[in-house]
2 protein chains.
Amino acid sequence: MKQVAATPRIIGRRLYASFTVAPKLALSDLNRSTIEAKYAVRGKIPIRADELSQEIAQNEKLAFNEIISANIGNPQQLDQAPLSWYRQTLSLLQYPGLIEQLKELDETTRNKLYPADVIERASTLLGSLGSVGAYSLSQGDRFVRKSVAEFISKRDGYPANPNDIFLTGGASAAVLYLIQVLSRGENLGFLIPIPQYPLYTASIALNNATPIGYYLDEANDWSTDPKQIRQLIAENKDKGIDVKSLVIINPGNPTGAILSESDISQLIDIAAEHGLVVIADEVYQENVFHGQFVSAKKVLAKLLEKDPETYKNVQLVSLHSTSKGVSGECGQRGGYMELVGFSKEVQDVIFKLASINLCPVVTGQALVELMINPPKEGTPSHGLYQKEVSSIHEALEERATRLHEAFSKMADVECNKPQGAMYLFPRLNFDKSLYAKLHEACKADGLSVDEFYCSDLLENTGICCVPGSGFGQVPGTYHLRTTFLPPGTNWIERWELFHKNFVAKYKN
Amino acid sequence: MKQVAATPRIIGRRLYASFTVAPKLALSDLNRSTIEAKYAVRGKIPIRADELSQEIAQNEKLAFNEIISANIGNPQQLDQAPLSWYRQTLSLLQYPGLIEQLKELDETTRNKLYPADVIERASTLLGSLGSVGAYSLSQGDRFVRKSVAEFISKRDGYPANPNDIFLTGGASAAVLYLIQVLSRGENLGFLIPIPQYPLYTASIALNNATPIGYYLDEANDWSTDPKQIRQLIAENKDKGIDVKSLVIINPGNPTGAILSESDISQLIDIAAEHGLVVIADEVYQENVFHGQFVSAKKVLAKLLEKDPETYKNVQLVSLHSTSKGVSGECGQRGGYMELVGFSKEVQDVIFKLASINLCPVVTGQALVELMINPPKEGTPSHGLYQKEVSSIHEALEERATRLHEAFSKMADVECNKPQGAMYLFPRLNFDKSLYAKLHEACKADGLSVDEFYCSDLLENTGICCVPGSGFGQVPGTYHLRTTFLPPGTNWIERWELFHKNFVAKYKN
């Protein structure tokens, strides 16, 4: 610390002749857990991609003229158009004065600008929200929560209670609340799938709890193995770690796998026996190509119906979001969580956390309602809504198939067939025996094989995806996660060519 | 734990004959800090107010027929209308298709629906955002950050850098990031004003750090005493507590006081000497009736200009929000923070936290731009904008004055004249010598005097405000915080009557 003789100054009524100037904050002054938390989806490679996109914007000559952001499920950044039903209604919520002004237009002009059911729904929502510029209840607007409860009841065939619904700023906010509330210290363990969505490891790290990874079985379509989970609980108990939560991501991110009803039953059995809170991340429930999505809530409700004594204490949180599915409204930050089976005192703590955050953005709350209660048959908006939804579904499935085919043909790459979600998680079979040169190059750069590949892919093609190490993988295996959202096939062709050259360069 | 013989069931390929059903989570299973955090603004009294408002909705007979929500600065929940400029532009951002459709209308109809500069600004914003349904950069949209930097430069006469601006979901999100990053354990102290906005104590509690309250001087218009702050730093150092941050709220919440330039200079001196990060909560910078708001950034920039060696290491974060001022768009969750003087490595950690939260709601980001870059003179929207802004300013000042007058006349109540913000923080001079019966009644109910008063006020009049204990106060003194936002004077008359009866009942 350098002694600085500050110019003598009279400030107010006081005079300080000189003082030692303190240094700036160093990393060692910060909360260690915030330094240790990692979040690869927006990590080193995406940050580099952003730099490259700035260079392109400044007309610098690169080997490509656009960045393909395949690192994050952000449909509207690419070419997915928002659903007209959502946006028309939200525009009226933002500007209710327009509803009055529309009344003054002739019917043809008005109907062309806004279908009658849009005006009606906007009015209903405004009736409950008042203004989208006012704070709502911290738990979320009552009308929207009631609507969500009806949606769940209809989806599952079992009742849901609006008082157990919390509207949240995307599902991420819900995950952050839950993990914060449940993190009772370093000896508190969360079971999370490996590979996982890194929001889980990041929030566990931020809260100084312990992540306990259970491996999904790549050879069996990334299925879940209850036996392994039971083993992990026992092993960790022996080490003094109290396992209190089980995260399941269904449909899987990054795997795209879908859990069967019997898989979920077995996980709930474990929860009943070991007192685990089941956190069911179901944000991709609308993104299903093969198989059938069954909610954890439905499976639990069925079990409770048959055998209430066994399952009465099971606590489940299920998460949904307006960011994924055919909605893809990531920037609007809408979502909800349903709490099932929690005691009032625990639920009150979650409520308090929501209060400290004031309220989720109110337009996002409205969007949740529009998502789970879309136009019904016979209403003016229904036809366009159906058409837009089908076309998004078809486009996603087509892109998934096309990209999966590309990976299937690439040398030394394996990729499970996608069942749902927005991602593929291909495996790069670049082991040392076949790719000695590659492993040497990685060692020289201080990168893992998957990091090296993704970085090289970005620098050569502009395609940005995320190394498997960001999600977790069996040691010695290498993967990457890519969305299949980018439009067109040009980028896939670029990738195929890159891969060919990469293999040619590094294979023994 | 009760042993339950579960019905033998075959699930998948496994058979569990019976297991012990684990109990539900108890409070003792939760993160202790989430249990201990308190947030009075949405605490016990507001929760009771919500119950009462449900009773009113169900036509139950109460002594009043509406709840006056004076507990929270939520202008649009009451009768403040949003600014047309904001809402018209936001409606086009939500529904860009309307821009095309408007072009097909005749000019008179179009201009009546949307002024030309609204259409223009919406198009400009869309040019940068793409879609409000896409995730933006985690730090916030580039165009909006550039605009914010220009606003700050113009406001202060000193430059600001877009790379140092983080757009946030209201100022609360910024506070939560900062306190999380800076909380290096129990021995890490944050200097906070007393009374304070309880978000600070809540987030410090959530992060297991230590709040160190410095008292504002009620007898001198709630001014700040640098001598006391220096003493607290020394005392805490002796106790092994490392004081690393100084929170200032200017204009004050709940006090309504405004800091002078020389007050701020003295606080920055302390920061330079002790290496404190100054967190300047300036969300009420537009709510000023008396005196002049000077930003901490401006004061620091001036000091740096005169004496760079002394101030070069000072680190300042200043916060602003779209929720307050004449905007009052609480539910839209817009805000920003400017980081000044931080090292790149520390700024990167803050960036990573923002990444884990993906991005602030994109419409909120756009709203920040609309707030800090309003219609210029000569544009079609300028006249209406000016008119609406003035009328909100006048209404707020009028209400503040009217409520202040009411408190001035109440027996055994003292209240400083409001200078800014949205609150009054009157003192209830109900000490034991004069109000023995009251103190007995409080003891019987297990409430502090201010809690008792606020609870009684709510049950008798429907007026919901927050006991001073939620903000902190000199021990033995009692206050309450009320907004002056509710319209009309009926509620003030009800309060006056209630107070008269209260004093009659409890005064010796």
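Residues numbered from 1 in each chain as written. Chains lettered and ligands numbered in written order. Predicted model: local features only at pLDDT ≥ 70, side-chain atom pairs only at ≥ 80, totals over all residues. Heavy atoms only, no water.

Focus: the domain arrangement of chain A
Residues and elements named next belong to chain A.
Here comes step 1: The domains assigned to chain A are domain 1 (37–66 + 386–506) and domain 2 (135–372).
Here comes step 2: Here the C-alpha centre of domain 2 lies 28 Å away from the C-alpha centre of domain 1.
Here comes step 3: Of the residues lining the interface, 31 residues belong to domain 1; the matching set on domain 2 comes to 30 residues.
Here comes step 4: In this assembly, domain 1 packs against domain 2 so that about 2,600 Å² is buried in total across both faces, 59% of it on carbon and sulfur atoms.
Here comes step 5: Our enumeration of links across domain 1 and domain 2 arrives at one salt bridge.
Here comes step 6: A salt bridge links Arg-427 to Glu-218; its shortest N-O distance comes to 3.8 Å.
Here comes step 7: Where domain 1 touches domain 2, the interface holds 11 residue pairs in polar contact (both at pLDDT 80 or more).
Here comes step 8: Where the side of domain 1 that touches domain 2 is concerned, the elements lending two or more residues are helix H16 (382–409), strand E14 (423–424) and strand E18 (478–483). (Domains from an automatic or database assignment. Contact = heavy atoms within 4.5 Å. Buried area = accessible area lost by both parts, 1.4 Å probe. Salt bridge = Lys/Arg side-chain N within 4 Å of Asp/Glu carboxyl O. Polar contact = N/O pair within 3.5 Å; in protein donor to acceptor, adjacent residues only side chain to side chain. Helix = DSSP H or I, 4+ residues; strand = E, 2+ residues; numbered from the N terminus.)

Observations concerning the nonpolar core
Here comes step 1: In this structure, Trp-495 of chain A together with Trp-495 of chain B are the most contacted members of the largest nonpolar core, which totals 267 residues.
Here comes step 2: Residues in contact with Trp-495 of chain A, not counting those within four places in the same chain, are Phe-407, Met-410, Tyr-453, Leu-457, Ile-463, Cys-465, Leu-480 and Thr-482 of chain A. (Core = buried A, V, L, I, M, F, W, Y, C linked by side-chain atoms within 4.5 Å. Buried < 20%, exposed > 50% of the residue type's maximum accessible area, 1.4 Å probe, protein only.)

Focus: the relation of the copies chain B and chain A
Here comes step 1: For the pair chain B and chain A, the best superposition has an RMSD of 0.0 Å and corresponds to a rotation of 180° with a translation of 0.0 Å parallel to the axis. Here the two chains are linked by the operation of a two-fold rotation axis. In terms of proximity to the rotation axis, the leading residue of chain B is Ser-91 of chain B, whose C-alpha is 2.0 Å off the axis.
Here comes step 2: By residue overlap, the copies meet face to face through one surface: 100% of the interface positions of chain B are interface positions in chain A. (Least-squares fit on C-alpha atoms with pLDDT ≥ 70 in both.)

A look at the environment of Ile-152 of chain A
All names here are of chain A.
Here comes step 1: Mapping Ile-152 onto the fold places it in helix H7 (residues 142–156).
Here comes step 2: In this structure Ile-152 comes out as buried when scored by relative accessible area, which is 0%.
Here comes step 3: The spatial distance from the C-alpha of Ile-152 to the C-alpha of Glu-107 is 37 Å, given a sequence separation of 45 residues.

Focus: the interface of chain B and chain A
Here comes step 1: With 119 residues of chain B at the contact, the number on the chain A side is 119 residues.
Here comes step 2: Approximately 10,100 Å² of surface area, both sides summed, lies buried where chain B meets chain A, with 56% of it carried by carbon and sulfur atoms.
Here comes step 3: At the surface where chain B touches chain A, the tally comes to six salt bridges.
Here comes step 4: In this structure, Asp-50 of chain B engages Arg-142 of chain A in a salt bridge whose closest nitrogen and oxygen atoms are separated by 2.7 Å.
Here comes step 5: Connecting chain B to chain A are 46 residue pairs in polar contact (both at pLDDT 80 or more).
Here comes step 6: The element that contributes the greatest number of residues to the side of chain B that touches chain A is helix H14 (residues 344–356) of chain B, accounting for eight residues.

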